[in-house]
Amino acid sequence: MLVNQTSKLQTKLKKAVNKQQKVGLVPTMGALHSGHLALIGEAQKICEQVVVSIFVNPTQFNNASDLEKYPRNLEQDLAQIQSSYPNVIVFAPEVSEIYGKNVAAEEFDFGSITTFMEGEYRAGHFNGVGTIIKRLFNLVKPDFAFFGEKDFQQLRVIQKLVEITEQPVKVVGCATQREVNGLAKSSRNQRLTEEQKEKAAIIYQALETAKNKFNQSSIAEIKTEIKGIFEAYPEFELEYFEIADVKHLVPTETKQTNTPYRAFIAAFVNEVRLIDNIALNY
Ligand SMILES: Nc1ncnc2c1ncn2[C@@H]1O[C@H](COP(=O)(O)OP(=O)(O)OP(=O)(O)O)[C@@H](O)[C@H]1O
Ligand SMILES: CC(C)(CO)[C@@H](O)C(=O)[O-]
Ligand code: BAL
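Just so it is clear, the model here is predicted, and its values are computed rather than measured.

Cut-offs applied
- Residues numbered from 1 in each chain as written.
- Chains lettered and ligands numbered in written order.
- Predicted model: local features only at pLDDT ≥ 70, side-chain atom pairs only at ≥ 80, totals over all residues.
- Heavy atoms only, no water.
- Helix = DSSP H or I, 4+ residues; strand = E, 2+ residues; numbered from the N terminus.
- Expected span 1.5 Å × (residues − 1).
- Buried < 20%, exposed > 50% of the residue type's maximum accessible area, 1.4 Å probe, protein only.
- Contact = heavy atoms within 4.5 Å.
- Pairing = 2+ DSSP bridges.
- Axes fitted to C-alpha atoms, helices over the stretch in contact; angles between N-to-C directions.
- Near = heavy atom within 4 Å.
- Polar contact = N/O pair within 3.5 Å; in protein donor to acceptor, adjacent residues only side chain to side chain.
- Areas by Shrake-Rupley, 256 points an atom, 1.4 Å probe, with all protein chains shown as cover.
- Nonpolar A, V, L, I, M, F, W, Y, C, P; charged D, E, K, R; others polar.
- Phe/Tyr/Trp six-rings, centres within 6.5 Å; stacked < 30°, edge-to-face > 60°.
- Lys NZ or Arg CZ within 6 Å of the ring centre and 35° of its normal.
- Arc of directions from axis to C-beta.

Caption draft 1: Layout of helix α10 (residues 201–213). Counted at 1.5 Å a residue, the expected span for α10 with its 13 residues is 18 Å, and the 18 Å between its end C-alpha atoms agrees. When we look at burial in α10, the residues that qualify are Ala201, Ile202, Ile203, Tyr204, Ala206, Leu207, Thr209 and Ala210. Buried residues along α10 sit against α9 (194–199), α11 (219–231), β7 (236–245), β8 (261–269) and β9 (272–279).

Structure, rendered in structure tokens:
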């Protein structure tokens, strides 16, 4: 069922708490796809009451056109949730319900995990994500909250946010759902043509290449190979390809033993920006 106001949401959640039900939160920006539905499915496994928030959060966008063109389709989102998960509460507030008149992000110190990659290329993005998630956690008071590994850096930011703000929420990371060709499901894929979606499989192919070469090649060699892959596709612009240790998320050129690494990529197809990542050695 759909709720737009925080007061109504809290009334509904009181009932769940009185019944000693576990509450799970799945934050989204809507334009739902099977990646989101997988998160809801994971939430349903361990929580009797699941809340899905649908809110295109303005303070996390560093690019006005990206915010304006972000796909929005509340009717279709509600129909999808209703048909698969009829007991879910959908919280879809207006911007004013969350921010009042002050549409601004709080500042957080997330340390090294936000210094590079998304933190570097989307200035202020993670302060915006931290702001909305802190507010949603305060409103919903979930026992568990579910986030996709597709946005791996974001997942680590949320874990850090919980630590900094001492909110009693367990953060659950969920595996990336992909198209048959390997392209990570993403709401922004809706802005691609069918041909672009097919070609965008090179993002995943680049990550797989990095994974296959990780043991026998240096990071410099892997980076050269990935750049070469993208040179063959002039309509794609590689923004970054990095290999970073999972703990600090600091890109590196040298491999340390007994350290788990992931490869991270961001690329533009025309003006649509896609991201993805893969575990390399764990
Ligand atoms: N392919 C996917 N597999 C698993 N989780 C996903 C996937 N895509 C998104 N998610 C997760 O769903 C949640 C909501 O993400 P969001 O609404 O931004 O969708 P999105 O598809 O990531 O959109 P976009 O990529 O355009 O930002 C986040 O926790 C995100 O990591
Ligand atoms: C977590 C989130 C819903 C916060 O707006 C957003 O960043 C997203 O959809 O990944
Ligand atoms: N899925 C991450 C949210 C964003 O791109 O702003």
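Caption draft 2: Representation of the sheet that holds β7. One open sheet accounts for three strands, arranged β7-β8-β9; its pairing is antiparallel. Edge positions in the sheet fall to β7 and β9, since each has one partner strand and no second. When the angles between neighbouring strand axes are averaged without regard to direction, this sheet yields 15°. Across nine bridges, β7 lies against β8 in antiparallel orientation. Bridge pairing in β8 links tyrosine 240 to alanine 266. Set on the sheet, α11 makes contact with β7 and β8; between it and β7 the angle comes to about 160°.

Caption draft 3: Structural view of the site of ligand 1. Around ligand 1, a shell composed of 20 residues is seen, among which His33, Lys150, Asp151, Ser186 and Arg188 lie nearest. Measuring from an oxygen atom of ligand 1, one finds a backbone N or O atom of methionine 29 at 2.9 Å. Glutamine 177 places a main-chain nitrogen or oxygen 2.8 Å from a nitrogen atom of ligand 1. Its free accessible area being 580 Å², ligand 1 has 95% of it covered by the protein chains. Secondary-structure elements contributing two or more residues to the shell around ligand 1 are β2 (23–28), α2 (34–46) and β5 (144–148). Looking at which element gives the most residues to the shell around ligand 1, the answer is α2, with three residues. Its residues assigned to classes, the shell around ligand 1 shows six nonpolar, ten polar and four charged.

Caption draft 4: Quick look at the sheet that holds strand β3 (residues 49–54). Read across the sheet, six strands follow the order β1-β4-β3-β2-β5-β6 without closing on themselves; strand pairing throughout is parallel. Of all strands in the sheet, those bounded by a partner on one side alone are β1 (2–3) and β6 (170–174). Taken together, the five bridges between β5 and β6 define a ladder with parallel strand orientation. Paired with phenylalanine 144 across the two strands is lysine 170, which belongs to β6. α2 rests against β2, β3, β5 and β6 of the sheet, and its axis sits at about 155° to β5.

Caption draft 5: Representation of the site of ligand 2 within the structure. Taken together, Pro27, Thr28, Met29, Asn57, Gln60, Val129, Ile132, Ile133, Phe147 and Gln154 make up the full set of residues adjacent to ligand 2. Between ligand 2 and glutamine 60, the relevant distance is 2.6 Å, taken from an oxygen atom to a side-chain nitrogen or oxygen of the residue. Measuring from an oxygen atom of ligand 2, one finds a side-chain N or O atom of glutamine 154 at 2.7 Å. Across the complex, the protein chains shield 88% of the 290 Å² of accessible surface that ligand 2 would expose by itself. Secondary structure elements with two or more residues in the shell around ligand 2: β2 and α7 (125–140). Element by element, the count of residues in the shell around ligand 2 is highest for α7, at three residues. Among the residues making up the shell around ligand 2, the classes are represented as six nonpolar, four polar and no charged.

Caption draft 6: Region of the structure containing the side chain of arginine 262. Positionally, arginine 262 belongs in strand β8. A distance of 2.5 Å separates polar atoms of two side chains, one belonging to arginine 262 and the other to tyrosine 282. When residues no more than four places from it in sequence are discounted, the contact partners of arginine 262 are Glu149, Phe152, Glu242, Ile243, Ala244, Val246, Asn277, Ile278, Ala279, Leu280 and Tyr282.

Caption draft 7: Local environment of the packing of aromatic side chains. The full count for this structure, using the stated rule, is seven aromatic pairs. With a centroid separation of 5.2 Å and 20° between ring planes, the pair formed by phenylalanine 108 and phenylalanine 110 is classed as stacked. The buried category is assigned to phenylalanine 108, whose relative accessible area is 16%. Across the ring face of phenylalanine 214, the terminal group of lysine 255 is positioned such that the distance to the ring centre comes to 4.7 Å.

Caption draft 8: Seen up close, helix α1 (residues 6–18). Given a rise of 1.5 Å per residue, 13 residues ought to cover 18 Å, and the 18 Å separating the end C-alpha atoms of α1 matches this to within 8%. Burial in α1 covers these residues: Thr6, Leu9, Leu13 and Ala16. Down the axis of α1, the smallest arc covering the buried residues is 75°, so these residues share one side. In α1, the exposed residues that point more than 90 degrees away from the buried face are Lys8, Lys14, Lys15 and Asn18. Two residues or fewer past α1, glutamine 20 is found with a positive phi of approximately 55°.

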